[in-house]
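# Overview (structure and organization)
Chain residues, written in single-letter form:
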Amino acid sequence: MTVSLGYVSFYVSDVPAAVRFYTHAFGFARRLLTPEEDYGEVDTGATVLSFVSNDLAETNLAAAGGFTRLDASAPPAGATISLITHDVPAALAAAVDAGGRVYTGPVDKPWGQTVAYLIDPHGILVEIATPLPEG
């Protein structure tokens, strides 16, 4: 059996706004936005980042007990989208210009990576980091 990661999905209050944020902040191409605007995707490379409306998620998950909605004013959930770039400050600035909020500014880690965190407009924690050093 072969398994691969195809999608990472987040439940959000405004799918078109989430798609706009990731296309404007990071230059990802929009892959899909349903006519109902309850599901959208952006192309990040090997894995698709998708957004599902809270209402659609409630419909899909109600029988299983529902889910906890993201809250941009609360501390972030214990998960992150990690994006790799050679210019963390520039990527962070672009994301802030697109509506994100700095959670931690760029920090040089002992293992040689530069890492910053931001909160997107829906409360998703995004790590922006340089590639791991080779070796």
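For the structure, see preceding data.
Here's a quick rundown of the structure. (Residues numbered from 1 in each chain as written. Predicted model: local features only at pLDDT ≥ 70, side-chain atom pairs only at ≥ 80, totals over all residues. Heavy atoms only, no water.)

### Section: helix α1 (residues 15-26)
Look at α1: 17 Å from first C-alpha to last across 12 residues, which is about the 16 Å you get at 1.5 Å a residue. Taking burial as the measure, the 12 residues of α1 include nine buried ones, the bulk of the element. For α1, the complete set of buried residues consists of Val15, Pro16, Ala18, Val19, Phe21, Tyr22, Thr23, Ala25 and Phe26. Between the side-chain oxygen at the start of α1 and the backbone nitrogen of alanine 17 there is a gap of 3.1 Å, and the oxygen is on aspartate 14. (Helix = DSSP H or I, 4+ residues; strand = E, 2+ residues; numbered from the N terminus. Expected span 1.5 Å × (residues − 1). Buried < 20%, exposed > 50% of the residue type's maximum accessible area, 1.4 Å probe, protein only. Polar contact = N/O pair within 3.5 Å; in protein donor to acceptor, adjacent residues only side chain to side chain.)

### Observations regarding the pattern of salt bridges
This model, assessed by the stated rule, comprises two salt bridges. Between arginine 31 and glutamate 41 there is a salt bridge, with the nearest N and O atoms lying 3.0 Å from each other. Placement of arginine 31 in strand β2 (residues 29-33) and of glutamate 41 in strand β3 (residues 39-43) is noted, with a sequence separation of 10 residues between them. Here glutamate 58 makes a salt bridge to arginine 69, at a shortest N to O gap of 3.8 Å. Taken together, the residues glutamate 58 in helix α2 (residues 54-61) and arginine 69 in the loop between α2 and β5 (81-84) connect sequence positions 11 residues apart. Of the residues examined, glutamate 58 reaches a relative accessible area of 29% and is grouped as partly exposed. Taking relative accessible area as the criterion, arginine 69 reaches 42% and is therefore assigned partly exposed. (Salt bridge = Lys/Arg side-chain N within 4 Å of Asp/Glu carboxyl O.)

### What to know about the nonpolar core
Residues Tyr22, Phe26, Phe51, Leu118, Ile124, Val126 and Ile128 are the most contacted members of the largest nonpolar core, which totals 24 residues. Only β1 (7-12), α1, β4 (48-53), β5, α3 (88-97), β7 (114-119) and β8 (125-129) provide two or more residues apiece to this core. Considering each element in turn, this core owes the most residues, seven residues, to α1. (Core = buried A, V, L, I, M, F, W, Y, C linked by side-chain atoms within 4.5 Å.)

### So, the sheet that holds β4
Read across the sheet, four strands follow the order β1-β4-β3-β2 without closing on themselves; strand pairing throughout is mixed. Each end of this open sheet is capped by a strand with a single partner; those strands are β1 and β2. Ignoring which end each strand starts from, the neighbouring axes of this sheet average 20° apart. By the bridge criterion, four bridges tie β2 to β3 in an arrangement that is antiparallel. Bridging from a neighbouring strand, arginine 30 pairs with valine 42 of β3. Running over the sheet, α2 touches β1 and β4 and is turned about 85° from β4. (Pairing = 2+ DSSP bridges. Axes fitted to C-alpha atoms, helices over the stretch in contact; angles between N-to-C directions. Contact = heavy atoms within 4.5 Å.)

### Quick look at the sheet that holds β7
Strand order in this open sheet of four strands is β5-β8-β7-β6, and the pairing throughout is mixed. The sheet is open, and its two edges are formed by β5 and β6 (101-108), each paired on a single side. Pairwise comparison of adjacent strand axes, ignoring direction, gives a mean angle of 15° for this sheet. Pairing of β6 with β7, which is carried by five bridges, proceeds in the antiparallel orientation.

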